[in-house]
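These are the residues of each chain, in order.
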Number of protein chains: 2
Amino acid sequence: MEGSHSAHLFTVLSGWGFRYKMLDDGRRRILNYMMPGDLIGLQGSLMGEMQHSVEALSPVTLCVFERDKLGTLYRNYPDLAYDLTWIAAQEERILDENLLSIGRRSALERAAYLLAFLYQRAKATNLFKGERVSIPITQQHVADTLGLSIVHTNKTLKKLGERKLIRWADRGCDILDDEGLMKISGWDGYHEKNRPFI
Amino acid sequence: MEGSHSAHLFTVLSGWGFRYKMLDDGRRRILNYMMPGDLIGLQGSLMGEMQHSVEALSPVTLCVFERDKLGTLYRNYPDLAYDLTWIAAQEERILDENLLSIGRRSALERAAYLLAFLYQRAKATNLFKGERVSIPITQQHVADTLGLSIVHTNKTLKKLGERKLIRWADRGCDILDDEGLMKISGWDGYHEKNRPFI
DNA sequence: CGTACACTTGAGTAGGATCAATTGAAGTGG
DNA sequence: CCACTTCAATTGATCCTACTCAAGTGTACG
């Protein structure tokens, strides 16, 4: 929860989750999604207090670090420290991309971007074992990520469905045409090399 | 420039700048503003290539690091390495906040947030020596930050001016009522403690 | 004196919000 | 096993915020 003083820092080992913030009036804003290899709570560890909340979308397993030992880690394991910074910088890069998308693209473009992005990230982390290629989110999640109303989100996703780019199952989305989504969104894909796994 | 392979990492010592990305159609998206104490090029240093461009808003002085020596720094100066991560995490926090604002607030709220935010950050970094309290940006910058058209940005800023919250000078904005802006934006201010200065 | 750039202003339009209902699947408890 | 609730997805109608188009002003500068 936002505002909590967790004594821990986590690495996601398996499963899906998301980071979000709430506004006073009850509206939720999803900031990003968490997948294996992501860090949870770095901000909290460095600055004393979580600035956002985190929630799971599927059963998740985590690796736990003691927050107090972060200083020790920096002193004794410079390579790990470097990896931590790398992951933080990568998260920053993703946020840049999201910001670009939300500020300057239409609803259809944004939706296409989000789904292509989630699909590609998930694929890069082996979240799709075998053929099952479904993203475990609701349309409300999409709306809260893109800053659209649910109604309009629904109509937008329906358009993507009509074009055979995705198929919306209950509580999940199947990607049918990754390339097609990227073309609509004007996004050139997720290129990440050598992500360290802590 | 985005895509460049700079051999350097910089710290801003004085002056204003901003980070941005361009879309194919020529539209610009400002991601964040840079002030004394900020890092430029960490992403580029860690991942080999700049993912965004940077531009100055006023004369700027920088402190230069050799990118190659980042490994050495992590091995020999763990405290500095820790500070680097701290700054990266802080940037992430600011991006979260921007994302929240852009996705879930009206034009007036967003504009109020942006100006209050810039004002408070600048104040925290001693950018305002003496009485001169002016933010050196054009309305085009505001538009490209908030994802609004210039026309609508102009009308929105005018409203803030009518309410005596700001005064728009040519190429600059004076903040008259910081509290009032925060109230409109529904933002509770910039609380940053102990930022390291590298 | 001409050009460029930042800022203004007005008119018409459209993309997405809000309001209001409905369907359908998945629990849950008696 | 069936009524009852809940939550996700869907659809239609109306409204309004912010966009686009189109001019115009004022100032700085070569």
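We now turn to the structure provided with this report. Residues take numbers from 1 onward in each chain, read along the sequence in its written order. Both sets of labels track the order of writing: A upward for chains, 1 upward for ligands. Where totals are concerned, whole chains, interfaces and linings use all residues; where local detail is concerned, this predicted model gives features only for residues with pLDDT of at least 70, and gives and counts side-chain atom pairs only at 80 or more. For the side-chain quantities, the full set of heavy atoms in the structure was used; hydrogens and water were omitted.

Brief notes about the protein's contact with DNA strand C
Part 1: Within the structure, DNA strand C sits among 16 residues, and A:Ser149, B:Gln139, B:Asn154, B:Lys158 and B:Trp168 are positioned closest to it.
Part 2: Contact distances for DNA strand C include 3.5 Å between a base nitrogen and a side-chain N or O atom of B:Lys155.
Part 3: Two N or O atoms form a polar contact when they lie within 3.5 Å of each other; inside protein one atom must be a possible hydrogen donor and the other a possible acceptor, and for residues adjacent in sequence the pair counts only when both atoms belong to side chains. B:Trp168 places a side-chain nitrogen or oxygen 2.7 Å from a phosphate oxygen of DNA strand C.
Part 4: Listed by contribution, the elements that provide at least two residues to the surface near DNA strand C are helix 6 (150–162) of chain A together with helix 6 (150–162) of chain B.
Part 5: With four residues, the top contributor of residues to the surface near DNA strand C is helix 6 of chain B.
Part 6: Classification used: nonpolar for Ala, Val, Leu, Ile, Met, Phe, Trp, Tyr, Cys and Pro, charged for Asp, Glu, Lys and Arg, polar for all others including Gly. Residues belonging to the surface near DNA strand C are distributed by class as follows: five nonpolar, seven polar and four charged. One heavy atom within 4 Å of a molecule or strand is enough for the residue carrying it to be called near that molecule or strand. Under the DSSP-based scheme used, a helix requires at least four consecutive residues in state H or I and a strand at least two consecutive residues in state E, with every element numbered from the N terminus.

Here's the deal with the protein's contact with DNA strand D
Part 1: Not every one of the 16 residues close to DNA strand D is listed here, only the nearest: A:Gln139, A:Lys158, A:Trp168, B:Ala107 and B:His152.
Part 2: Each atom of DNA strand D within 4 Å of the protein belongs either to a base or to sugar and phosphate, the latter forming 72%.
Part 3: A:Gln139 is positioned such that a nitrogen or oxygen atom in its backbone is 2.6 Å from a phosphate oxygen of DNA strand D.
Part 4: A:Lys155 has a polar side-chain atom sitting 3.4 Å from a base nitrogen of DNA strand D.
Part 5: Only helix 6 of chain A together with helix 6 of chain B provide two or more residues apiece to the surface near DNA strand D.

So, the sheet that holds strand 9 (residues 172–175) of chain A
Residues and elements named next belong to chain A.
Part 1: DSSP-based pairing: two strands are paired if at least 2 bridges between them are found. The strand order 7-9-8 describes an open sheet built from three strands, whose pairing is antiparallel. Every other strand in the sheet has two partners, leaving strand 7 (134–135) and strand 8 (166–169) as the edge strands with one partner each.
Part 2: Sheet topology places strand 8 next to strand 9; four bridges connect them, and they run antiparallel. Directly across from Ile-166, in strand 9, lies its bridge partner Ile-175.

Considerations on the interface of chain B and chain A
The parts lose accessible area when they come together, and the size of an interface is often stated as this lost area.
Part 1: Contact between two residues is taken to exist if any of their heavy atoms lie within 4.5 Å; hydrogens are not considered. Counting residues at the interface gives 43 residues for chain B and 42 residues for chain A.
Part 2: Note: buried area is the sum, over both parts, of the accessible area (probe 1.4 Å) each one loses when the two are combined. Surface buried jointly by chain B and chain A totals about 4400 Å² across both partners, of which 64% is contributed by carbon and sulfur atoms.
Part 3: The term salt bridge refers to a side-chain nitrogen of Lys or Arg lying within 4 Å of a carboxyl oxygen of Asp or Glu. On inspection of chain B and its partner chain A, the count reaches four salt bridges.
Part 4: Across the pair A:Arg19 and B:Asp96 runs a salt bridge, and its minimum N-O distance is 3.0 Å.
Part 5: Joining chain B to chain A, the criterion identifies 21 residue pairs in polar contact (both at pLDDT 80 or more).
Part 6: Looking at the side of chain B that touches chain A, the elements that each hand over two or more residues are strand 2 (17–22), strand 3 (28–34), helix 1 (42–47), helix 2 (70–76), helix 3 (78–104) and helix 5 (139–146) of chain B.
Part 7: Looking at the side of chain B that touches chain A element by element, the count peaks at 20 residues for helix 3 of chain B.

A short note on the sheet that holds strand 7 (residues 134–135) of chain B
Part 1: With antiparallel pairing, the three strands of this open sheet are ordered in space as 7-9-8 (chain B). For this open sheet the edge positions go to strand 7 and strand 8 (166–169) of chain B, each flanked by a neighbour on one side alone.

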